[in-house]
Amino acid sequence: MRYIFYILLGCLIHYPIIAQEKPPTKEEMKADFEQSIREAKQQRDELIAQIAEAKKNNENVESISEMQKQLTTINQMISMLEKSNPFEKSSTKPVAVPNKKEPAYVSPFTPIKLKQPVSKPTPAQATDQLLWYRGRKINANTIITPSGLIARYDWQRHALTFQPAKPDTPYYNLVSILGQVRQMRLDYTSRMDGMMNSFFMFPLIEDAYNEYEFFKERYFKMAENTIQISTPQGNVSSLEQYINNLANYVQSLPPPRSIPPPKRANNLCLCDYATARRRYENDLNDWKTKFLAEENKIIDELQMVYSLVEYFKRNNYSLPVNAGALQEMRDRYYTYVLERLKAKLSDLADQYPTDVLIEDGMVLIFSSFTKFLTYMDLWQASPRARAALGAYKGTLFRVKTLVLSDIFDNYIEDQKRLKNYNKVFDFGLYTAHELNKGRVEPNYQVNKKLYDTWMKGIEKFNRFKLNIDIDFEYNQVDRNDNDRLELSASGVMHSEDIYVSLGRWECNWELYMTDLNHRSRNTGGEEYRIPIKIDGGTQTIWSTPRKYFQYSGPAYMKMVFPTFKINLCGNQSVAMLDVLSYVAADLKAHENDDITKVYTTQMLRYANQMFIGARKTQINAPELMSKALEMMNMSNQQMTQTGNGPAYDRMKFEHTMNRKKADLQFSATNITHTSNTVIPLVKTIQVPTLLFNPEVTLDNSADEDNIKFGTEIKGKITIRIVHAPR
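Numbering of residues starts from 1 in every chain and runs along the sequence as written. Reporting of local features is limited, given that this is a predicted model, to residues whose pLDDT is at least 70; pairs of side-chain atoms are given and counted only at 80 or more, and all residues count toward the totals for whole chains, interfaces and linings. Excluded from the side-chain calculations are hydrogens and water; all other atoms, namely the structure's heavy atoms, are used.

A. The arrangement of the packing of helix 14 (residues 427–440) against helix 15 (residues 446–461) in detail. As a rule, the C-alpha atoms of each element are fitted with a line to give its axis, helices using only the stretch in contact, and angles between N-to-C directions run from 0 to 180 degrees. A run of H or I in DSSP counts as a helix once it spans at least four residues, and a run of E counts as a strand once it spans at least two, with each numbered from the N terminus. Closest axis-to-axis distance for the helix 14/helix 15 pair is 9 Å, and the angle between their directions is 150°. Classified by the interaxial angle, the pair formed by helix 14 and helix 15 is roughly antiparallel. Helix 14 and helix 15 meet at a crossing whose hand is right-handed. Listed contacts from helix 15 to Phe-427, Tyr-430, Thr-431, His-433, Glu-434, Leu-435, Lys-437 and Gly-438 of helix 14 are Val-446, Lys-449, Leu-450, Trp-454, Met-455 and Ile-458. Under the scheme applied here, ten amino acids are nonpolar (Ala, Val, Leu, Ile, Met, Phe, Trp, Tyr, Cys and Pro), four are charged (Asp, Glu, Lys and Arg), and all others, including Gly, are polar. The residue inventory of the contact of helix 14 with helix 15, partitioned by class, reads eight nonpolar, three polar and three charged. These descriptions rest on fixed angle ranges, namely under 35 degrees for roughly parallel, over 145 for roughly antiparallel, 65 to 115 for roughly perpendicular, and the rest for oblique. Helix crossings get a hand from a simple test, with the near helix turned counterclockwise from the far one by less than a right angle marking a left-handed crossing and a clockwise turn marking a right-handed one. In what follows, residue pairs with any heavy atoms lying within 4.5 Å of each other are defined as contacts.

Right under this line is the structure:
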């Protein structure tokens, strides 16, 4: 009876989902499955005969009742096996997964189409005017300036379209980056997919992947080269009043005040990262509006005045007296705006060296006014305006220098030194930083730096040394006399150094063996078990005379790699330890040992009772069967195509399957394992160590096995996880 329960438990522990071990063929799995059904039916028939014989002989009622309960359990198992056979041919065809595609990208840049090429005028030839632009008119609505900028004004829509001349301007660089976002995302996921075992970090890779889209969303409107100019309400003869109102508004403004930007959250304890990230982007946009509100109002009002002037000219209306010196008015307000912006942006630049998490805001303001400088095209500015422009460009250069400096690098190194793993593993932060560098430096290779420096650096940093020590004592008493000890045994063992890495598990972390390719199918799976060196042990048979034996069996056992749930945000972390085993060759070498004369492979049975409850497994057999079948059927799941590229889809699928397997294994603890199998991990305050677990005592005195079979086992387990970067 017990044999089949351990077969099912083996299904839960050993069946691979994403190729962590070499999977058995379908034929082998089918043969094992059918053999399990045959054995269960044979046990059912034998039990029926035993019950009949017991009733015939008028045996103990309690004993017969127990056998009948076992019969019910076996019948439930057989029924579940036959109904849930995963190897029967399906009567329906698998549903095809739709191939989702990302909508085609539409550029924010609208080109101005001309019937024929035009040359830019010299300053002396720039005698025409359209809005604030001076140059040579191409037609009534279009002008080209001495800088080569072409501007076209749509009178009906009050929309200005500008087209700078030089393709190497910051404006064209922004347009170019936005056009490359799709390919940059695909390139990033392709690079990460090529990194061994990267799928364990897929949620963080997805955060970085989404960062490209946030960047495009943030700057798309800014990259549009069509500007809507506000139109005044009321009679157009109020132009004089609009000019006076603008002057009064500027005169009434207080000195420039720099509003602190929202800080980017750099903490993976934010479990709902997607919501927090969206909220940050909204806050950043709202902050930009408030930060630039006063300066934007001056610019909008000035543009509206120019639009009204054009309307007056177009309809041959007389201009008011205060509209006669538009060039001087433009330079005065332009200078005023630049001086205010220089003060505000300088304040952000002063804050950045001690708070890199304001970088997005600083670069956003940098970008807003590089566009302003581009489309205003103030080549004929007054000496004072040119001086203000020079000072402002100096501040822009300072911002660029700060972003390209090692300030951010030093921040990350500090977090690594402090072992702030929830900060260091924030992949989205690195992506945002590299995109910001691409924003301030034309032709910067964002993905190369992101992958070669940051992602590869994290791969080396994400490495820990795991050690497990086990010390147990096993006692068996006479079931009819609990005070009479029949057998006692002990064992001391430890794992050799195992190098592991962190993987993301919802808001927690898991551990996986670092140097093994968990995607590879060319393996028998033995390397995925931890070698456990047996340091020694004793067995005592409490007969007359007593018999003492020192352990003389195989030098090593193997342990299924534990399942870890590590929480670095203040809650308790745990590790679920699983069954021990000997390799087949060692078992065969000792198969004829007389356990009444030597202490060898029977240690396995004693030690495993720390982890597996035989009685609990027996009682919960139907639920265990359900879990086993669920895990077996996972291999039939198909990868969903998201439209984000094959590398993204592959990593997502592998991560999802791995998580489902781990969740199933963890849920199996309530079905088969003793209450002490899930070991608490206590975080240490020592800087070099991630986790250190002081000695944890296991005691099954309240377990059903102790009550039912008279077996008691106590153990001490120590788990150490020490940071060991390459």
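B. Seen up close, the sheet that holds strand 5 (residues 159–163). In short, DSSP must find at least two bridges between two strands for them to pair. If you walk across this open sheet you meet the six strands as 1-2-3-4-5-6, and the pairing is antiparallel. Each edge of the open sheet is held by one strand with a lone partner, namely strand 1 (128–130) and strand 6 (226–228). Going from strand to strand, the sheet's axes swing by 40° on average, the running direction of each strand aside. Pairing analysis gives three bridges linking strand 2 (residues 133–139) to strand 3 (residues 142–144), with the strands arranged antiparallel. If you follow Lys-137 over to strand 3, its bridge partner there is Ile-143.

C. Region of the structure containing the sheet that holds strand 16 (residues 573–576). A sheet is described by the order of its strands in space; here three strands give the open sequence 15-16-18, paired in antiparallel fashion. Among the strands making up the open sheet, the edge pair consists of strand 15 (563–565) and strand 18 (678–681). Pairwise comparison of adjacent strand axes, ignoring direction, gives a mean angle of 20° for this sheet. The pairing of strand 15 with strand 16 spans three bridges and is classified as antiparallel. Within the sheet, the bridge partner assigned to Phe-564 lies in strand 16 and is Ala-575.

D. Summary view of the pairing of strand 10 (residues 508–513). When a residue's accessible area, from a 1.4 Å probe over protein chains only, is under 20% of the maximum for its type it is buried; when over 50% it is exposed; and in between it is partly exposed. Counting buried positions along strand 10 yields six of six residues, so the element is predominantly enclosed. In strand 10, alternate side chains face the same way, and those of Asn-508, Glu-510 and Tyr-512 on one face and Trp-509, Leu-511 and Met-513 on the other are all buried. With six bridges joining them, strand 9 (residues 498–505) and strand 10 adopt antiparallel strand pairing. By the bridge assignment for strand 10, Val-500 is matched with Met-513. Counting the residues in the hairpin turn of strand 9 and strand 10 gives two residues, including Glu-506, whose phi is positive at 55°.

E. Highlighting unusual backbone geometry. Here the bond from Thr-544 into Pro-545 is cis, since omega is 0°, no more than 30 degrees from zero. In this fold, Pro-545 is placed in the loop between strand 12 (538–541) and strand 13 (547–550). Despite not being glycine, Lys-419 shows a phi value in the positive range, around 60°. Among the secondary structure elements, Lys-419 is positioned in the loop between helix 12 (407–417) and helix 13 (421–424). Unlike most non-glycine residues, Asn-443 shows phi in positive territory, near 70°. Relative to the elements of secondary structure, Asn-443 occurs in the loop between helix 14 and helix 15.

F. Spatial organisation of the packing of aromatic side chains. Aromatic rings from Phe, Tyr and Trp, taking only the six-membered ring of Trp, are treated as a pair when their centres fall within 6.5 Å; an angle between ring planes under 30 degrees marks them as stacked, one over 60 as edge-to-face, and anything in between as tilted. Per the stated rule, a full pass over the model turns up 35 aromatic pairs. Centre to centre, the rings of Tyr-430 and Trp-454 are 5.0 Å apart; their planes meet at 35°, and the pair counts as tilted. A residue pair is termed long-range when its members are at least 10 positions apart, and Tyr-430 in helix 14 and Trp-454 in helix 15 qualify at 24 residues. A relative accessible area of 0% means that Tyr-430 is categorised as buried. Plain terms: the ring middles of Tyr-551 and Tyr-599 are 5.6 Å apart, the flat faces sit at 85° to each other, and that makes the pair edge-to-face. Here Tyr-551, found in the loop between strand 13 and strand 14 (556–560), pairs with Tyr-599, found in the loop between helix 16 (584–589) and helix 17 (602–608); they are 48 residues apart in sequence, far enough to count as distant. Residue Tyr-551 is classed as buried on the basis of its relative accessible area of 15%.

G. Representation of the state of the cysteines. What counts as a disulfide here is a pair of cysteine sulfur atoms lying within 2.5 Å. Summed over the entire model, instances satisfying the criterion amount to two disulfides. With its sulfur 2.1 Å from that of its partner, Cys-269 forms a disulfide with Cys-569. Every disulfide takes its handedness from the sign of the S-S torsion; for Cys-269 and Cys-569 that torsion is -100°, giving left-handed. One end of the pair, Cys-269, is in the loop between helix 6 (239–252) and helix 7 (273–291); the other, Cys-569, is in the loop between strand 15 and strand 16, and 300 residues separate them in sequence. For Cys-269, a relative accessible area of 27% translates into the label partly exposed. A relative accessible area of 30% places Cys-569 in the partly exposed class. By sequence-ordered numbering of the bonded cysteines, the protein has its disulfides arranged as 1-4, 2-3.

H. Representation of the nonpolar core. Residues enter a nonpolar core if they are buried and are Ala, Val, Leu, Ile, Met, Phe, Trp, Tyr or Cys, with the set joined through side-chain atoms within 4.5 Å. One finds Phe-372, Phe-425, Phe-427, Met-455, Phe-472, Phe-564 and Ile-719 to be the most contacted residues of the largest nonpolar core, which totals 163 residues. Apart from the residues within four sequence positions on either side, Met-455 is in contact with Tyr-188, Met-192, Met-195, Phe-427, Tyr-430 and Leu-450. Within the second largest apolar cluster, nine residues are counted, among which are Leu-47, Ile-64, Leu-71 and Ile-78.

I. How the structure looks around the environment of Gln-665. Tracing the backbone shows Gln-665 in helix 20 (residues 646–672). By relative accessible area, Gln-665 is classed as buried at 13%. C-alpha separation for the pair Gln-665 and Pro-562, spaced 103 residues apart in sequence, amounts to 9.9 Å.

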